[in-house]
Amino acid sequence: MYNTKIFPNKLFFLGVTFFSLLFCQSSSVDDQSNPPSNDGDDNGNYASATVWLTKADETIKLQKQSDIYFKNTSNNYQTIEIDAGQKYQTIDGFGYTLTGGSVQVINQLSSAKKEELLQQLFSSNDNSIAVSYLRLSIGASDLNGEVFSYNDLPAGQTDTSLSQFSMAKDQAVIDMLKKILAINPNIKIIATPWSPPVWMKDNGSSIGGSLLPQYYSVYAQYFVKYIQGMKAQGITIDAITPQNEPLHPGNNPSMYMTSAQQGEFIKNHLGPAFQNAGINTKIVLYDHNCDKPDYPMDILADAEAAKYVDGSAFHLYAGNIGVLSNVHLAYPTKNLYFTEQWTGANSSFSDDLIWHTKNVIIGSMRNWSKVALEWNVANDASYNPHTPGGCTECKGAITINSSEMFTKNVAYYIIAQASKFVPQNSQRIASTQPGSLSSVAFVTPGGKITLIVLNEGNNTENFNIRYNNKSAATSLSPRSVATFVF
């Protein structure tokens, strides 16, 4: 309750308020009540940047803030320097894995609510986040309701001609992809198997085991049939990896595949099979953690295998995101992809927003990745569905609560701060990272500059954004991420 002795009349209070606003020296990206100072000038005389903010304390989530202006104001703030003359990789997109389980729960929404969700995720409308890249499982992942491949047979039987190959169990995924492509025809897709048909494996199980050498060529044709089958449905698979997490054989489904095995499979079977079938789908190595960069580099060192390879894919459940740059330096003509990172049921919005923005978004991009993907799109409130032995705590970007309700989780906002503002074919450009600020910058195909800035510290950071000899003064509240577009 206010003490009336402090401000005995309202006119005095209003006068103090007016002069406080008049002499405000910088614009804060999280306080709509403090617009940029005019300093006696019309802001129309200055170039401006739009600002979108998400705060770790959840008080602001992907909200547009007051514009900032490039006024060249004199101050002693730290500066993020942007140099569009230093160009790096082009960007294929940001997104998620569209698991079979995600499709299952999204299909529990009413038709109108499902359309609303798909539009918010994949369109470029004002209230949408323009997801531009998806990952698929070839057959079941551990976030399907059941384990299956496209060639399941009774025990003891084989089908080397793949005459019983069928993608029928993924028809719901195919149907949803058609809806997504109707919203965004340019979305790119990478696909990966969690396991081949069990009759091709040395342990006859969906869990672990290895691909039997006598089935290498058959399994290569399995990929060919998948890509051709998706194409017949109007779905282009831009890239595949031969195996999800090849050094993690304990999941259900899963398979163990060494770098020597993967190199042999690509060099003498998968690469030639794609070439013979006229398939242009990219082959991307590894698809596992940053602690084993030697895995893809072992294969890239073999010129006969490497000629079929577009690049390497990484996750970050172990290791350091900086190793992507090591792989780039060793093989600069090969691309890099960041394809999975999960948010968990028991982790906080705050910690996940900061860590994932720093590592998955800013970190992967600054280390040459063409994509940044979080894990599953959606699940229900109990983190279902999943296979027996599959992930029980994976929290999707969306929780489907009922036929008429869904909730946006932290992974939605992690991706949104990039995907909404960095379209496909943008190119990363140089930006500095002063103090406790992390940053990454892009030039879009339309010529706009997009700058993503993270303040992971516990204090507000004042700083300038400097580009083309012009600077804008702003600030970023503690534990927040902002995207600037100008």
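Whatever comes next refers back to the structure up there.
What comes next is a walk through the structure. Numbers given to residues run from 1 along each chain, matching the order in which its sequence is written. With pLDDT at 70 or above as the cut-off, local features in this predicted model cover only qualifying residues; side-chain atom pairs require 80 or more to be listed or tallied, and sums for whole chains, interfaces and linings still use all residues. Calculation of side-chain values draws on the structure's entire complement of heavy atoms; hydrogens and water are dropped beforehand.

On to the packing of aromatic side chains, then. Side-chain rings of Phe, Tyr and Trp (the six-membered ring for Trp) are treated as a pair once their centres are within 6.5 Å; stacked means planes under 30 degrees apart, edge-to-face means over 60, and tilted covers the remaining angles. Scanning all chains against the criterion turns up 21 aromatic pairs. Pairing F148 with Y150 gives two aromatic rings, centres 6.5 Å apart and planes at 45°, and the pair type is tilted. Using a 1.4 Å probe on the protein chains alone, a residue whose accessible area is under 20% of its type maximum counts as buried, one over 50% counts as exposed, and one in between counts as partly exposed. A relative accessible area of 2% means that Y150 is categorised as buried. Ring geometry for W199 versus Y215: centroids 5.2 Å apart, planes at 90°, classification edge-to-face. Placement of W199 in the loop between β7 (188-193) and α5 (216-232) and of Y215 in the loop between β7 and α5 is noted, with a sequence separation of 16 residues between them. The class of Y215 is buried, set by a relative accessible area of 12%. Under the scheme used here, helices are H or I runs from DSSP no shorter than 4 residues and strands are E runs no shorter than 2 residues, and both carry numbers assigned from the N terminus.

Looking now at the state of the cysteines. In this description, a disulfide is simply a cysteine sulfur pair whose atoms lie within 2.5 Å. In total, this model carries one disulfide according to the counting rule given. For C391, the disulfide goes to C394, at an S-S distance of 2.1 Å. On the sign convention where negative is left-handed, the bridge of C391 and C394, at about 105° about the S-S bond, is right-handed. As far as burial versus exposure is concerned, C391 and C394 are alike and both buried. With no disulfide of its own, C290 lies 18 Å from the sulfur of C394, the closest cysteine sulfur. When its relative accessible area of 1% is taken as the criterion, C290 is described as buried.

Below, the discussion takes up the environment of N151. Here N151 shows up in the loop between β6 (133-138) and α4 (171-183). Residue classification places N151 among the buried residues on the basis of a relative accessible area of 1%. Expressed as a C-alpha distance, the spacing of N151 and P296, which sit 145 residues apart in the sequence, is 28 Å. Between two residues, a contact is recorded if the distance between any of their heavy atoms is within 4.5 Å. Discounting chain neighbours no more than four positions away, the residues touching N151 are D159, L162, Q164, F165, P197, W199 and Y222.

With parallel pairing, the eight strands of this closed barrel are ordered in space as β5-β6-β7-β8-β9-β10-β11-β13. The pairing criterion is simple: DSSP has to find at least two bridges between the two strands. With two bridges connecting them, strand β8 (residues 239-240) and strand β9 (residues 282-290) associate as parallel partners. Each bridged residue has a counterpart across the sheet, and for A239 the counterpart in β9 is K282. Axes here refer to lines fitted to C-alpha atoms; in helices the fit is confined to the stretch in contact. Angles between the N-to-C directions go from 0 to 180 degrees. Packing of α5 onto the sheet brings it into contact with β6, β7 and β8, and relative to β6 it is tilted by some 130°.

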